[in-house]
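# Structural description and commentary
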Amino acid sequence: MENSNETASRGKYLFAAFLAPFIWGFMSIPVRWIRGYPAEDILYFRIITALLVLWAYLLLFRRKTMTADIRKFQLLPRAGKLRQTCLTLLASALIFGNWFTYIYAVNHISIQSAALAYLTCPLITAAGAYLMLKEKLTSWQKTALFIAFGSVCLLANGSLHDVLWAITIATCYAFYLIVQRVSTGFDKLNQLVIQLSICALFVIPKLIYNHHTIPAEPIFWGTIFLIASLFTIIPLFLSMYALIGISSTTTGVLLYINPLIAFTLAATYFQEPVSSIKYVAYGIILLAIILFNIKNIKETFSASRTHAKR
């Protein structure tokens, strides 16, 4: 009974980890709607809008949770406060860097370079978690990562410029996941609002002295609100929530869903030229995702069937 409940509980964390990159996979569509605006403006207004929406939600519906976390932080010893502060600052810098490089790549490099970033990201996350957090990998998972690495090398055999951008985007988000895995004990939405607030401390002065005029077009603000809510707050919360119950390695590997969707959009919706070898490489990566998570998938379906019989 306990094992069944534990597996079902793990299933919801696995679903959250799946849903986050699934949503992010479609983000290139709204970002392309406003490609005529500077990448930094899109980033700055995305942060400010997401921050306002999140603060409004927390103040209206989650004041008790915020108060509890503030009290918890105050009760930490000095070393604990310093550790949590450093982790929060590092997470803020990493997510800021990830967002800017992604927006710039989508609008000024190519959709495929952004997709390549999230193919590289799980490998960096898995390696970092294995070396830094001592997370264990089964032989099947190591095989899946090796297969995925081979596919990434196949895809990267092209523009060095695209590859360097991809690695930068991927490294920022991979280490963000690792930092979030280490930073435990506090509500994930509260952590997210603090991270965005820190980003805003950098963004607001830049907006004040920005040489660009503030956009007035409804399409810009409508798209920014969509990006800030559907493509920022929700998937970030889901990925942070998933880390409560599953490893950062598993969360990182599920990020492969993002580039699979992005690649499909690049080839179909955006009509970017795609070589036949890339179709093969992405197909291999899909198999690697299934192989890496085969144990989790079997356990989740088994628990679901057991629960249904009861």
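Described below are features of the structure shown in this document. Note that the structure is predicted; figures quoted are calculated from it, not measured. (Residues numbered from 1 in each chain as written. Predicted model: local features only at pLDDT ≥ 70, side-chain atom pairs only at ≥ 80, totals over all residues. Heavy atoms only, no water.)

## Quick look at the overall build of the chain
Regarding its fold elements, the chain presents 14 helices and zero strands. For the chain, the α and β elements follow one another from N to C terminus as α-α-α-α-α-α-α-α-α-α-α-α-α-α. Taking all 310 residues of the chain together, the buried fraction comes to 51%. Partitioning the contacts of the chain with sequence separation of at least 6, the portion at a separation of at least 24 is 89%. Total accessible area on the chain is roughly 15300 Å²; 69% of this is exposed by carbon and sulfur atoms. (Helix = DSSP H or I, 4+ residues; strand = E, 2+ residues; numbered from the N terminus. Buried < 20%, exposed > 50% of the residue type's maximum accessible area, 1.4 Å probe, protein only. Contact = heavy atoms within 4.5 Å. Areas by Shrake-Rupley, 256 points an atom, 1.4 Å probe, with all protein chains shown as cover.)

## Overview of the side chain of arginine 62
Structurally, arginine 62 is set in the loop between helix H3 (39-61) and helix H4 (63-75). Using a relative accessible area of 19% as the deciding quantity, one classes arginine 62 as buried. When neighbours within four sequence positions are excluded, arginine 62 is seen to be in contact with Tyr57, Asp187 and Leu189.

## Topic: a nonpolar patch on the surface
Taken together, the side chains of Phe146, Ile147, Leu154, Ile277, Val280 and Ile284 make up a nonpolar region of the molecular surface, amounting to roughly 510 Å² of accessible area. Residue assignment for the nonpolar patch shows that the elements contributing at least two residues are helix H7 (139-156) and helix H13 (276-292). Residue placement: phenylalanine 146 occurs in helix H7. (Patch = residues over 30% accessible without salt bridge, like charges linked within 9 Å, V, L, I, M, F, W, Y side chains within 5 Å. Salt bridge = Lys/Arg side-chain N within 4 Å of Asp/Glu carboxyl O.)

## A word on helix H12 (residues 257-267)
Across the 11 residues that make up H12, a large majority, 10, are buried. Along H12, the residues that are buried comprise Ile257, Asn258, Pro259, Leu260, Ile261, Ala262, Phe263, Leu265, Ala266 and Ala267.

## Side note on the environment of threonine 88
Its location among the elements puts threonine 88 in helix H5 (residues 78-109). Distance from threonine 88 to serine 183, taken between C-alpha atoms, is 8.0 Å for residues 95 residues apart in sequence. Not counting residues up to four positions away in its chain, the partners in contact with threonine 88 are Ile194, Gln195 and Ile198. Separated by 2.8 Å, the side chain of threonine 88 and the backbone oxygen of glutamine 84 make a polar contact. (Polar contact = N/O pair within 3.5 Å; in protein donor to acceptor, adjacent residues only side chain to side chain.)

## Overview of the packing of H12 against H13
Between H12 and H13, the least distance of the axes is 10 Å, while the angle of their chain directions is 155°. Comparing the axis directions of H12 and H13 gives the class roughly antiparallel. Note that H12 runs across H13; the crossing there is left-handed. Seen from H12, the contacting residues are Ile257, Pro259, Leu260, Phe263 and Ala267; seen from H13, they are Lys278, Tyr279, Tyr282, Leu286 and Ile289. Of the residues assigned to the contact of H12 with H13, the class counts are nine nonpolar, no polar and one charged. (Axes fitted to C-alpha atoms, helices over the stretch in contact; angles between N-to-C directions. Parallel < 35°, antiparallel > 145°, perpendicular 65-115°, else oblique. Left-handed = near helix turned anticlockwise from the far one by under 90°. Nonpolar A, V, L, I, M, F, W, Y, C, P; charged D, E, K, R; others polar.)

## Comments concerning the packing of aromatic side chains
Here the structure, examined in full by the defined rule, presents 14 aromatic pairs. Taking the centre distance of 5.2 Å and the plane angle of 90° together, the rings of phenylalanine 220 and tryptophan 221 count as edge-to-face. Residue phenylalanine 220 is classed as buried on the basis of its relative accessible area of 0%. Sitting above the plane of the tryptophan 99 ring, arginine 46 keeps its charged end 4.1 Å from the centroid. (Phe/Tyr/Trp six-rings, centres within 6.5 Å; stacked < 30°, edge-to-face > 60°. Lys NZ or Arg CZ within 6 Å of the ring centre and 35° of its normal.)

## As for the pattern of salt bridges
With the rule as written, the count across this model stands at two salt bridges. For aspartate 187, the salt bridge goes to arginine 62, with nearest N and O atoms at 2.4 Å. Residue aspartate 187 is located in the loop between helix H8 (160-182) and helix H9 (188-208), and its partner arginine 62 is located in the loop between H3 and H4; the two are separated by 125 residues in the primary sequence. Across this residue pair, the class does not change: aspartate 187 and arginine 62 are buried. Of the charged contacts in the structure, one is a salt bridge between lysine 72 and aspartate 69, with a shortest N-O distance of 3.9 Å.

## Re the side chain of arginine 46
Take arginine 46: it is sitting in helix H3. No salt bridge forms around the buried arginine 46; measuring N to O, its nearest opposite-charge neighbour glutamate 40 is 13 Å away. If we ignore the near neighbours within four places in the chain, the residues touching arginine 46 are Met27, Trp99, Ile103, Ile224, Ile227, Ala228, Phe231 and Thr232. (Lys, Arg positive; Asp, Glu negative; His and termini not counted.)

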